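Read off the chains here:
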Amino acid sequence: MALNDAVGAWEFNESSGNAADSSGNGRTLTNNGTAGFVAGLIGNAADLGSGNTTKWFSRTDASGIGTGSYAMVAWFNPYSLPVAANFQVFTVGNTANFVSSNMYMHNPAATDQVIFERVKDGVAANSVTITTTLSTSAWHMFSCSYDGATLTPYIDGVAQTTVASSGSGSSGTTLGTSVGSLNPTGSQLASTKNDLTFLYNHTLSAADMTTLWNGGAGFDPYAVVQSTSDARKLILLGAG
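What counts, and at which threshold
Residues numbered from 1 in each chain as written. Predicted model: local features only at pLDDT ≥ 70, side-chain atom pairs only at ≥ 80, totals over all residues. Heavy atoms only, no water. Helix = DSSP H or I, 4+ residues; strand = E, 2+ residues; numbered from the N terminus. Rg over C-alpha atoms; globule rule 2.2 N^0.38 Å. Buried < 20%, exposed > 50% of the residue type's maximum accessible area, 1.4 Å probe, protein only. Contact = heavy atoms within 4.5 Å. Core = buried A, V, L, I, M, F, W, Y, C linked by side-chain atoms within 4.5 Å. Pairing = 2+ DSSP bridges. Phe/Tyr/Trp six-rings, centres within 6.5 Å; stacked < 30°, edge-to-face > 60°. Arc of directions from axis to C-beta. Axes fitted to C-alpha atoms, helices over the stretch in contact; angles between N-to-C directions. Polar contact = N/O pair within 3.5 Å; in protein donor to acceptor, adjacent residues only side chain to side chain.

Let's talk about the overall build of the protein chain
- Helices and strands together make up the secondary structure of the protein chain, namely two helices and 16 strands.
- Against the 2.2 N^0.38 benchmark of 18 Å for 240 residues, the protein chain shows a C-alpha radius of gyration of 16 Å, consistent with a compact globule.
- Judged by the C-alpha coordinates and their principal axes, the protein chain covers about 50 × 35 × 35 Å.
- Counting only residues that meet the buried cut, the protein chain has 52% of its 240 residues in that class.
- A separation threshold of at least 6 residues defines the contact pool for the protein chain, and within that pool the share at least 24 residues apart is 64%.

Overview of the nonpolar core
- Among the nonpolar cores identified, the biggest contains 37 residues, and Phe12, Phe57, Phe90, Phe116 and Phe142 are the most heavily contacted of them.
- Within the second largest apolar cluster, 20 residues are counted, among which are Tyr200, Met209, Leu212 and Phe219.

A word on the pairing of strand E3 (residues 36-39)
- In the sheet, E3 pairs with strand E4 (residues 44-47) via four bridges, with the strands oriented antiparallel. Across the sheet, the residue bridging to Val38 is Ala45, located in E4.
- Where E3 folds back on E4, the antiparallel hairpin that results is connected by four residues, among which Gly43 adopts a positive phi of roughly 70°.

With respect to the pairing of strand E9 (residues 113-120)
- Along E9, eight of the eight residues are buried, which leaves the element largely enclosed by surrounding structure.
- Where strand E8 (residues 99-106) lies against E9, eight bridges are found, and the strand directions are antiparallel. If you follow Asn102 over to E9, its bridge partner there is Glu117.
- Between the end of E8 and the start of E9, which pair antiparallel, lie six residues, with Ala109 showing a positive phi angle near 55°.
- Relative to strand E10 (residues 124-131), E9 runs antiparallel, the two being bridged by eight bridges. Residue pairing for E10: Arg118 is matched across the bridge by Asn126.

Here's the deal with the packing of aromatic side chains
- For the coordinates displayed, the defined rule picks out eight aromatic pairs.
- Considering the side-chain rings of Phe37 and Phe57, the 6.1 Å spacing of their centres and the 65° angle between planes classify their relative orientation as edge-to-face. Separated by 20 residues along the polypeptide, Phe37 in strand E3 and Phe57 in strand E5 (residues 56-59) bring together distant segments of the chain. Residue Phe37 shares its accessibility class with Phe57, and that shared class is buried.
- In textbook terms, an aromatic cluster arises when at least three aromatic residues are bridged by ring pairs, as seen for Phe12, Phe37 and Phe57.

Details of helix H1 (residues 206-213)
- Looking only at H1, the buried set comprises Asp208, Met209, Leu212 and Trp213. Looking straight down H1, one finds that the buried residues subtend no more than 135° of arc, so they occupy a single side.
- On its buried face, H1 is in contact with strand E6 (70-78), strand E11 (140-146), strand E12 (150-155) and strand E16 (192-200).
- With its phi angle positive at about 50°, Asn214 sits one or two positions after the end of H1.

Quick notes on the environment of Ser58
- Note that Ser58 resides in strand E5.
- With 87 residues separating them in the primary sequence, Ser58 and Ser145 have C-alpha atoms 21 Å apart.
- With residues near it in sequence (within four places) discarded, Ser58 still touches Thr28, Leu29, Thr30, Asn32, Thr177, Ser178 and Pro184.

Some thoughts on the sheet that holds strand E15 (residues 177-179)
- The strand order across the open sheet built from seven strands is E2-E5-E15-E7-E8-E9-E10, with neighbouring strands paired in antiparallel fashion. The outermost strands of the open sheet, each flanked by one partner alone, are strand E2 (30-32) and E10. Taking each pair of neighbouring strands and ignoring which way they run, the sheet shows an average axis angle of 15°.
- Relative to E15, E5 is paired through three bridges, and the arrangement is antiparallel. By the bridge assignment for E15, Arg59 is matched with Thr177.

Describing the side chain of Asn31
- Tracing the backbone through its elements, the reader meets Asn31 in strand E2.
- A distance of 2.9 Å separates the side chain of Asn31 from the backbone oxygen of Gly17, its partner in a polar contact.
- In terms of polar contacts, Asn31 uses its side chain to reach the backbone amide nitrogen of Ala35, at 2.7 Å.
- Sequence-distant contacts of Asn31, defined by excluding residues within four places in its chain, comprise Gly17, Asn18, Phe37, Trp56 and Phe57.

Any functional reading would require information that these geometric values do not contain.
Written out as C-alpha cells, the structure is:
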C-alpha cells in the first residue's frame, strides 16, 4: 500500500491557527491554547513550548480509524523529558470499540521510558515499555502498526518488542485524536515541537517505517517532490 493513503495527515506547515489535514479527508486538528509554529523537520512544526501546560492539538473523533488494523506515525522534538508526568506524543481513541492507542514518554522512579499501548478502556491495557533516554533538542519518530492481533512499536524506525492485543473496551468518554495530549480535553501535555503525524487504517511494514524514518531526515509522502531521490520514492510508493 502507498504511504500517501493516510486517513489523517498533519504536516503542521501553518504559521498560525489549526492544523490542516493533508490527506484530503478534511480532518483538521483544533489548535488548543494557541500553539505557535516554528521551523521543523520538514517545513514548519507545531511548537507546544517548554514547560507546556496549555497547548495541544485535537479532534473529538478517531480520524477514520475503525475497529481493525491501523498504523500511527508521529515526529516530535522534546524540549525536555518528563519528570513527574507523562508526555503524550500521539493518541487515538475510538468510541466504536472503546479502544485507545497511545505513544508517550514516561519517567517513573527517575527512569526514562517510552510506552506504546493499546488500551481496551474499562477492560485492560496491552502495552510495551522500553527503557531508554531520548535525546532532547533532536527529532524522533514514534510509530506503531496493529494488525488485529499484535501491536508492533518502533522508535526512530527500529522495531521494538511486540505485544498481543485483541478485543474491545467497555466504556470511554474522552476518546478522540490528540497530538501532544492524552485526550481532546487536554491531559498529560508534552513539551515538544511536533511535525509529520500520520494515521492509517491499515498496517505499515518495517520497510515502510524505514522509509518514513529516512535516516532521521524524515520523509513526507504528501510533500512536493524536491529531488530525484524523492521522485523515485514517490513512484515506488504509488504516489508519483
